[in-house]
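Structural overview
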Amino acid sequence: MILKEIDELKKSKNAVILAHNYQPEEIYQVADFVGDSLELARVASNVEADVIVFCGVRFMAETAKILNPEKKVLLAANDAGCQMAEMISATKVRELRNNFPDAAVACYVNTTAETKTECDVCVTSSNAVKIINSLPQNQIIFVPDKNLGSYVAKNCSKKIILTDGYCYVHDCISVKDVEKIREKYHEAPILVHPESPSEVVDMCDYVCSTSQMISVSKEVDAKVIIVGTEIGMLAKLRQEVPEKTFVPLKSDAICGDMKLTDLDMVKDCLLHEKNEIFLDKDVMVKAKSCIDKMLLLS
């Protein structure tokens, strides 16, 4: 019943629902598009609907608003934030610029809109290496994720200046977790997200964004695949590649904020057009330059 009600609300309000791969599986049933941060940014930049309902966390909804300033953008779970995004601020970026005046600043998409205003380019896990390699500067300040930044540093010729941010979901994956899973599934390839610690990344077979995990899983010659990321991704993989078996590298790798969204919230958000994202116009203009450069270079 609720699926039908949400569908009717979408039609009556000319709304589109965008959802991140880590969302609860029930959200896939009502989403018009499910993807990773880069895919969602690209979709958001071309949305024709009047209303965008974002099923994810706040920085993602902010990105959708920045790319669609004239549209109404709603966040289904109003309390869904990102701890990593709060580990860096615009003030801190300005301090880093003063300390490294010749460096460009690249920010992970997992940052607030205000932080993006102080950065030169935005990146996602799927395009960070490509974009940073394309920048003319030899020094790059990378914020906030030290793990993704370390992965980028190993795969480019730039000097990468890191901060101490991290994703608590991926940072908890350990070497022991990898060793334990290999003992049980010694022939299965391991896919891991680059937000994981560098020593974990070095032990795994493929380093992938969530969307890349889908493409690799389709191509790799294996019936069982180990997945090192937030466990919500397994539902998406099983949906996209049903002929293969997916096993979590760490079964308690759960993002509490991503799991806040449910169908009742989506319906309520649409019905009452609540949890609207509001951003200062100057912030949107400055942050958009950073995001537009990402979309151009990726």
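Shown above is the structure to which this text applies.
An account of the accompanying structure is given in this report. Everything numeric here is computed off the predicted structure, so don't read it as measured data. (Residues numbered from 1 in each chain as written. Predicted model: local features only at pLDDT ≥ 70, side-chain atom pairs only at ≥ 80, totals over all residues. Heavy atoms only, no water.)

Observations concerning the overall build of the chain
The line we're drawing: Every helix listed is a DSSP run of H or I at least four residues long, and every strand listed is a run of E at least two residues long, numbered separately from the N terminus. For this measure, only C-alpha atoms enter the radius of gyration; the expected value for a globule follows 2.2 Å times N^0.38, where N is the number of residues. A 1.4 Å probe rolled over the protein chains alone gives each residue an accessible area, and that area as a share of the maximum for its type sets the label: buried under 20%, exposed over 50%, partly exposed in between. Any two residues whose heavy atoms approach within 4.5 Å are treated as being in contact. Working definition of accessibility: Shrake-Rupley area with a 1.4 Å probe, residue cover restricted to the visible protein chains. Asp and Glu count as negative and Lys and Arg as positive, but His and the ends of the chain are not part of the count. In plain terms, the charge of a residue is placed at NZ if it is Lys, CZ if Arg, CG if Asp and CD if Glu.
The secondary structure content of the chain amounts to 15 helices and 12 strands. A compact globule built from 298 residues should have a C-alpha radius of gyration of about 19 Å, and the chain, at 19 Å, falls within 12% of that. In terms of overall dimensions, the chain has C-alpha extents of about 50 × 50 × 30 Å along its principal axes. Looking at the chain residue by residue over its 298 residues, the buried ones come to 56%. Sequence-distant contacts, at least 24 apart, represent 61% of the contacts inside the chain between residues at least 6 apart. Accessible surface, the chain as shown: approximately 13,000 Å² in total, 47% of it carbon and sulfur. Computed over 35 positive and 45 negative side-chain charges, the separation of the two mean positions in the chain equals 2 Å.

Looking at the layout of surface pockets
The line we're drawing: A 1.4 Å probe that fits but cannot get out identifies a cavity on a 1 Å grid over protein atoms alone, an open set with protein on both sides within 12 Å along at least five of seven lines counts as a pocket, and a residue lines either if it has an atom within 4 Å of a point. Grid points are joined across faces, edges and corners, and a volume is the space filled by probe spheres set on the points. By the convention adopted, Pro, Cys, Tyr, Trp, Phe, Met, Ile, Leu, Val and Ala count as nonpolar, Lys, Arg, Asp and Glu as charged, and the other residues, Gly among them, as polar.
Its volume calculated, the largest pocket comes out at about 150 Å³. Along its surface, the largest pocket is lined by Asp177, Lys180, Ile181, Lys184, Tyr185, Val247, Pro248, Leu249, Lys250 and Ser251. Here the lining of the largest pocket gets four residues from one element, more than from any other, and that element is helix α10 (residues 175-184). Per-class residue counts for the lining of the largest pocket are five nonpolar, one polar and four charged.

Thoughts on helix α15 (residues 281-297)
Stated precisely, the cut-off is as follows: The span expected for a helix works out to 1.5 Å for each residue beyond the first. Two axes are fitted around each residue, one to the seven residues ending there and one to the seven starting there, and the angle between them is reported as the bend at that residue. Pairs of N or O atoms are called polar contacts if they sit within 3.5 Å, as long as, within protein, a hydrogen donor faces a hydrogen acceptor (for residues adjacent in sequence, only side-chain-to-side-chain pairs).
Between the first and last C-alpha of α15 there are 25 Å, a value that for 17 residues agrees with the 24 Å anticipated at 1.5 Å per step. The largest bend along α15 reaches roughly 25 degrees and is located at Lys288. Among all positions in α15, only Met284, Ala287, Cys290, Ile291 and Met294 are buried. The secondary structure elements touched by the buried residues of α15 are α3 (37-44), α4 (58-67), β5 (104-108), α6 (113-116), β6 (121-123) and α7 (128-134). The backbone nitrogen of Asp282 lies 2.9 Å from a side-chain oxygen of the residue at the head of α15, namely Asp280.

Overview of the nonpolar core
Quick reminder of the rule: Only buried Ala, Val, Leu, Ile, Met, Phe, Trp, Tyr and Cys residues count toward a nonpolar core, and they belong to the same one when joined by side-chain atoms within 4.5 Å.
Grouped together as the largest cluster of nonpolar side chains are 79 residues, with contacts concentrated most on Phe54, Ile132, Phe142, Val143 and Val152. Apart from residues no more than four positions distant in its own chain, Val152 is found in contact with Ala128, Val129, Ile132, Phe142 and Ile160. Residues Ile2, Tyr28, Ala31 and Val266 belong to the second largest nonpolar core, which totals 21 residues.

Some remarks on empty space enclosed by the protein
Leftover empty space is mapped by rolling, across the atoms, a probe with the size of a water molecule. With the rule as written, the count across this model stands at two cavities of 30 Å³ or more. Taken as a whole, the largest cavity encloses approximately 310 Å³ of empty space. Along its surface, the largest cavity is lined by 28 residues, and Tyr22, Met60, Asn110, Glu195 and Met258 are the ones closest to its centre. If you list the elements that add at least two residues to the lining of the largest cavity, you get α4 and α9 (168-171). In the lining of the largest cavity, the residues fall into 13 nonpolar, 11 polar and four charged. Its volume calculated, the second largest cavity comes out at about 70 Å³. Lining the second largest cavity are Ser37, Leu40, Ala41, Ala44, Phe54, Phe59, Met60, Thr63, Ala64 and Val109. At the level of elements, α3 and α4 are the ones that each hand at least two residues to the lining of the second largest cavity.

So, the packing of α3 against α4
Note the following rule: Between N-to-C directions, angles cover 0 to 180 degrees, with each direction set by a line fitted to C-alpha atoms, over the stretch in contact for helices. Small angles under 35 degrees read as roughly parallel and large ones over 145 as roughly antiparallel, with 65 to 115 read as roughly perpendicular and the rest as oblique. By definition, any crossing whose near helix is turned counterclockwise from its far helix by less than a right angle is left-handed, and any crossing with a clockwise turn is right-handed.
Where α3 contacts α4, the axes come no closer than 9 Å and their chain directions differ by 30 degrees. Accordingly, the angle class assigned to the pair α3 and α4 is roughly parallel. Relative to α4, the crossing made by α3 is right-handed. Listed contacts from α4 to Ser37, Ala41 and Ala44 of α3 are Phe59, Met60, Thr63, Ala64 and Leu67.

Observations concerning the sheet that holds strand β7 (residues 139-143)
So the rule is basically this: Here the rule is simple: two strands pair whenever DSSP picks up at least two bridges between them.
Judged by pairing direction, the sheet is parallel, and its four strands sit side by side in the order β6-β5-β7-β8 without closing on themselves. Of all the strands in the sheet, just β6 and β8 (159-162) have a single pairing partner and so form its edges. Mean inter-strand twist for the sheet, computed between neighbouring axes without regard to direction, equals 30 degrees. Bridge analysis of β5 against β7 gives four bridges, and the strand direction is parallel. Looking across to β7, one finds that Ala104 is bridged to Ile140. The sheet contacts of helix α5 (residues 90-99) involve β5 and β7, and relative to β7 the element is tilted by about 160 degrees.

Quick word on the sheet that holds strand β3 (residues 51-55)
The strand order β2-β1-β3-β4 describes an open sheet built from four strands, whose pairing is parallel. For this open sheet the edge positions go to β2 (33-35) and β4 (72-75), each flanked by a neighbour on one side alone. With strand direction ignored, the average angle separating the axes of adjacent strands in the sheet is 20 degrees. Judged from the three bridges that link them, strand β1 (residues 15-20) and β2 form a sheet pairing that is parallel. Within the sheet, the bridge partner assigned to Ala19 lies in β2 and is Val34. α4 rests against β1, β3 and β4 of the sheet, and its axis sits at about 175 degrees to β4.

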